[in-house]
Amino acid sequence: MDPGFAMEDIAPIAVLMDELRSEDVQLRLNAIHSIPTIALALGPDRAREELVPFLQDSVDDEDEVLLALAEELGRNFEEYIGGKQYAHVLLGPLENLSAVEETLVRDKAAESIAKIAAVLSSAQVEEFYIPLLKRLSQGEWFTSRTSSAALYPPVYPKVSPSIQEDLRKGFAALGADDTPMVRRAAAKWLGPFIKNLSKQHVLSDGLPIYRRLQSDDQDSVRLLTVEDLITIAQQLTPPEVKEQLLKQVNHSIADKSWRVRYMAATHFNELAEAVGVELVREELIGQYVQLLKDNEAEVRTAAAGQIPGFSKLLDREVVLARIVPCVRDLSHDTSQHVRAALANQISGLAPLLGRDATIEHLLPLFLHLLKDEFPEVRLNIISKLETVNGVIDIELLSDSLLPAIIELAEDKSWRVRQAIIEYIPLLATQLGKPFFDEQLGNLCMSWLGDTVFSIREAATINLKKLTEVFGVDWAKVAIVPKVMGMGQHPNYLYRMTTVQAITTISPSLTLPIVQSEIIVPLLQLAVDPIPNIRFNVAKSLEVLATTFGNTADGREFVQQRVVPALEQQKNDSDADVRYFSTRALQKALSNPAISGI
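Here we summarise the structure given alongside this text. This one's a predicted model, so the numbers in the text were calculated from it and none came from an experiment.

A short note on the overall build of the chain
Logical step 1: Regarding its fold elements, the chain presents 40 helices and 0 strands.
Logical step 2: In terms of overall dimensions, the chain is more spread out than a globule: its C-alpha atoms have a radius of gyration of 33 Å, far above the 25 Å expected for 597 residues.
Logical step 3: When the backbone C-alpha atoms are referred to their principal axes, the chain occupies close to 85 × 85 × 40 Å.
Logical step 4: Put simply, 69% of the contacts in the chain that link residues at least 6 apart link residues at least 24 apart.
Logical step 5: As displayed, the chain has an accessible area near 26800 Å², and 51% of this comes from carbon and sulfur atoms.
Logical step 6: Across the chain, the mean location of the 58 positive side-chain charges is 4 Å away from that of the 81 negative side-chain charges.

Dropping the structure here:
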C-alpha cells in the first residue's frame, strides 16, 4: 500500500487524541461529537480495535465532555463498528461512564446501555451484559450500584428463567442497600422492572421489594414508591389490591413527610384508576378529602389539580356530599397557589353536577374566585369558562365577569394583560356580539395603545380573531374606523400600531372595505416622517398585494394603488424603506397578471 494512504489511515485517531488532550473544553467537546465521522473514516474493524478502547480510557475529563461521550455511544453507534453483532463492544466505555461521580453522566450512560440492550441478541446479553450488570450491582462505590438499577428492566424479558431469578435477587439487594442513593435508584426503577415480571413474581418478589422501600426511613426514597404502587396495582386484580396494598396506600397518603403526600396527591387519579372503582368508593374518598385538607399548601395545590378527574369516578351525590364542601373551603384558602389550582379545575365539576347543582353550589364559588385579589386565580377561571358555558348560561356570570376582565386588562403585569387578551375571542364567542360591543369593544381598542409592544401585537391578532368570530361587516363598523383613526395620532407608536393592525387584519377583510376605508389613510402613512412607519407600510402593502392579487378587481387595485406607492418608496432616503419596498414590489409583480397590465 502507498505510504501516503497509511498516514491518512492514522490521521483520524491521531487528530482525535490530540483534540481530546487539548486544554480547551469546547475543542474536546467538538472532538467527541465528531467520533461517528472518525469511526466512519477508520472503518468498522479499526473503529472496534482502536477507537473504542481509546474511548474506554478517556473517562478522566470534564463532566460535559463525558456526558457528550455517553450520548454519542447511545446514538446507534454500533452501525459504525460492524453492526448489531458487535454492539456489546460499546458496553466497555459505557460501563466506565456508569461509575463516575456526576449523576447526569451516569444517567446518560445507563440510558445508552439500555438502548444497546435493545439490539443485543439473547446470547450477547448473557455473555456480555449480565456480567457487566453484576459488576455494577456489586461495585464498591455507590455510583456504579446506583447506575445498575436502570439496567435491569431492559434485559429481563431476554434472558432464561434461571438468570431472571438472579436478576430479581440482584434488584432486591439494591432495594436493601446501605446507601440511600442506591435505594432511591431502586425505587425509581422498580416500576419499569415490575412491568416485566409475571404476576406470580410480582407477588413473590416485587411486593417485598416495594414494601421495604415504602417503609424506608428516607422520605426521598418513599416519595418515589408512589409510582411503583400504581404500577403494582395495575398488575393486580381489585381484590388482590385490597388484600396486598391497602395498608401501603394508606401509609403513602398519610405519610409524615409532606413530600410523599405531595407525590400521592399529584398521582391520585392514576392511583384511583389503578385500584378500581370499588376501592375508590370504599377507601379512597376519605383519603382524598384528607389530602384536600392537608396542612401543607403544596399538597392541597396538588390535590386540587385532581378534583375533576377523581370526581368522575364517584356518584353525583357523593361529589356533592364529600367533594363540594372541600372545594368551598379551598376557594377561601389562605394560599393563592391553592386557589389558582382550584380555579383551573373547578369548572370541570360543572358537567358532572349538571345545571341545577352547578347554579346552586358552583356559581357562588365562580363569582367569589372572579373577585380574587390574585390575578392568576381570576385568569384561570376565565380561561376555563368554555366548560361552564356548556352547562349554564354565561350571562349568570357576566356581572362579575366584566369587572374581573377589566381589572386583568389593566393589571400592572404585562403578562397578565397579554393572557387576558388571548381569551377575548373565546369570551366573545360565548357572550355574543351585543354584549361584546357594549362592554368589551372599547377595551380591545385601548390595548392598541399599550406601552408594551407584546400587548400591542397581541391586540392586533385579537382584532383579527374577533373579525373571524363576528364577520367582516361587524369589523367594518366596529374596528376599522377606530384603527384608521389612530393613524392620525401625533405619537408615532399609535401610527405604527395602525400599520401593524392593517397588516394583521387585512387578510380577514374584503377588497371593498380595503378600498373604501383602508388604502387612503395607509398611503398617507407611506410618506410619514418616521422611517420605521414607512417601511412597515411597505410590508403592509406587500400583504395587500399577495392577499388580493388573485382576482380581476384585486389585480386592478394592486396595479393602480399599491404598485405606484411602492415605486415611490423605492427611492426613499432610508435604506430599510428602500429594501422593504423593493421586496414588496417584487412580490406584487411576481403575479404575471399584474406585471403584464
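Brief notes about the layout of surface pockets
The method is simple in principle: a probe with the dimensions of a water molecule rolls over the atoms, and the space it marks as empty is what remains.
Logical step 1: Here the largest pocket is characterised by a volume of approximately 360 Å³.
Logical step 2: In terms of lining, the largest pocket is formed by 15 residues, of which the most central are Thr-103, Asp-107, Thr-146, Ala-185 and Lys-188.
Logical step 3: Looking at the lining of the largest pocket, the elements with two or more residues in it are α7 (103–117), α9 (142–148) and α12 (180–194).
Logical step 4: Classifying every residue of the lining of the largest pocket gives 7 nonpolar, 3 polar and 5 charged.
Logical step 5: Approximately 180 Å³ is the volume attributed to the second largest pocket.
Logical step 6: Taken together, Ala-187, Lys-188, Gly-191, Pro-192, Lys-195, Leu-224, Glu-227, Asp-228, Ile-230, Thr-231, Gln-234 and Glu-270 form the lining of the second largest pocket.
Logical step 7: At the level of secondary structure, the elements contributing two or more residues to the lining of the second largest pocket comprise α12 and α15 (225–235).
Logical step 8: When the residues that make up the lining of the second largest pocket are grouped by side-chain class, the tally is 4 nonpolar, 3 polar and 5 charged.

What to know about the packing of aromatic side chains
Logical step 1: Tallied over the entire structure, the rule returns 11 aromatic pairs.
Logical step 2: Note on Phe-268 and Tyr-288: the rings are 5.0 Å apart at their centroids and 35 degrees apart in plane angle, and the pair reads as tilted. Of this pair, Phe-268 sits in helix α19 (residues 268–275) while Tyr-288 sits in helix α20 (residues 277–292); the two residues are 20 residues apart in sequence, bridging distant segments of the chain.
Logical step 3: Through a chain of ring-to-ring contacts, the aromatic side chains of Tyr-152, Tyr-156, Phe-171 and Phe-193 assemble into a single cluster.
Logical step 4: Against the face of Tyr-86 rests Arg-48, its NZ or CZ located 3.7 Å from the ring centre.
Logical step 5: One cation-aromatic arrangement involves Lys-539 over Phe-580; the distance from NZ or CZ to the ring centre is 4.8 Å.

Topic: empty space enclosed by the protein
Logical step 1: Within the structure shown, the criterion is met by 1 cavity of 30 Å³ or more.
Logical step 2: Estimated volume of the largest cavity: approximately 50 Å³.
Logical step 3: Lining the largest cavity are Ile-479, Val-480, Val-483, Met-484, Ala-501, Ile-502, Ile-505, Ser-506, Leu-509 and Ile-518.
Logical step 4: Every element with two or more residues in the lining of the largest cavity is listed here: α34 (480–485) and α35 (492–505).
Logical step 5: Tallied by class, residues from the lining of the largest cavity come to 9 nonpolar, 1 polar and no charged.

Description of the pattern of salt bridges
Logical step 1: The full count for this structure, using the stated rule, is 26 salt bridges.
Logical step 2: The salt bridge partner of Arg-75 is Glu-72, with a shortest N-O separation of 3.2 Å.
Logical step 3: The closest approach of N and O atoms between Arg-183 and Asp-217, which form a salt bridge, is 3.5 Å. Within this pair, whereas Arg-183 is found in helix α12, its partner Asp-217 is found in the loop between α13 (199–214) and α14 (219–222), the two being separated by 34 residues in sequence.
Logical step 4: Residue Arg-183 is classed as buried on the basis of its relative accessible area of 9%.
Logical step 5: On the accessibility criterion, Asp-217 (62% relative accessible area) is exposed.
Logical step 6: In this structure, a network of salt bridges that share partners links the residues Glu-71, Glu-72 and Arg-75.

Digging into the packing of α35 against helix α36 (residues 511–525)
Helix packing for two helices is described by the angle between their axes and how far apart those axes are.
Logical step 1: Running from N to C, α35 and α36 cross one another at 130 degrees; their axes reach a closest spacing of 11 Å. Relative to α36, the element α35 lies oblique. When you trace α35 past α36, the crossing you get is left-handed. On α36, the residues touching Arg-495, Thr-498, Val-499 and Ile-502 of α35 are Ile-518, Leu-522 and Leu-525.
Logical step 2: Per-class residue counts for the contact of α35 with α36 are 5 nonpolar, 1 polar and 1 charged.

Rules and cut-offs
Residues numbered from 1 in each chain as written. Predicted model: local features only at pLDDT ≥ 70, side-chain atom pairs only at ≥ 80, totals over all residues. Heavy atoms only, no water. Helix = DSSP H or I, 4+ residues; strand = E, 2+ residues; numbered from the N terminus. Rg over C-alpha atoms; globule rule 2.2 N^0.38 Å. Contact = heavy atoms within 4.5 Å. Areas by Shrake-Rupley, 256 points an atom, 1.4 Å probe, with all protein chains shown as cover. Lys, Arg positive; Asp, Glu negative; His and termini not counted. Charge placed at Lys NZ, Arg CZ, Asp CG, Glu CD. 1 Å grid on protein atoms, 1.4 Å probe; cavity = no way out; pocket = protein on both sides within 12 Å on 5 of 7 lines; lining within 4 Å. Points joined across faces, edges and corners; volume = space filled by probe spheres on them. Nonpolar A, V, L, I, M, F, W, Y, C, P; charged D, E, K, R; others polar. Phe/Tyr/Trp six-rings, centres within 6.5 Å; stacked < 30°, edge-to-face > 60°. Lys NZ or Arg CZ within 6 Å of the ring centre and 35° of its normal. Salt bridge = Lys/Arg side-chain N within 4 Å of Asp/Glu carboxyl O. Buried < 20%, exposed > 50% of the residue type's maximum accessible area, 1.4 Å probe, protein only. Axes fitted to C-alpha atoms, helices over the stretch in contact; angles between N-to-C directions. Parallel < 35°, antiparallel > 145°, perpendicular 65-115°, else oblique. Left-handed = near helix turned anticlockwise from the far one by under 90°.

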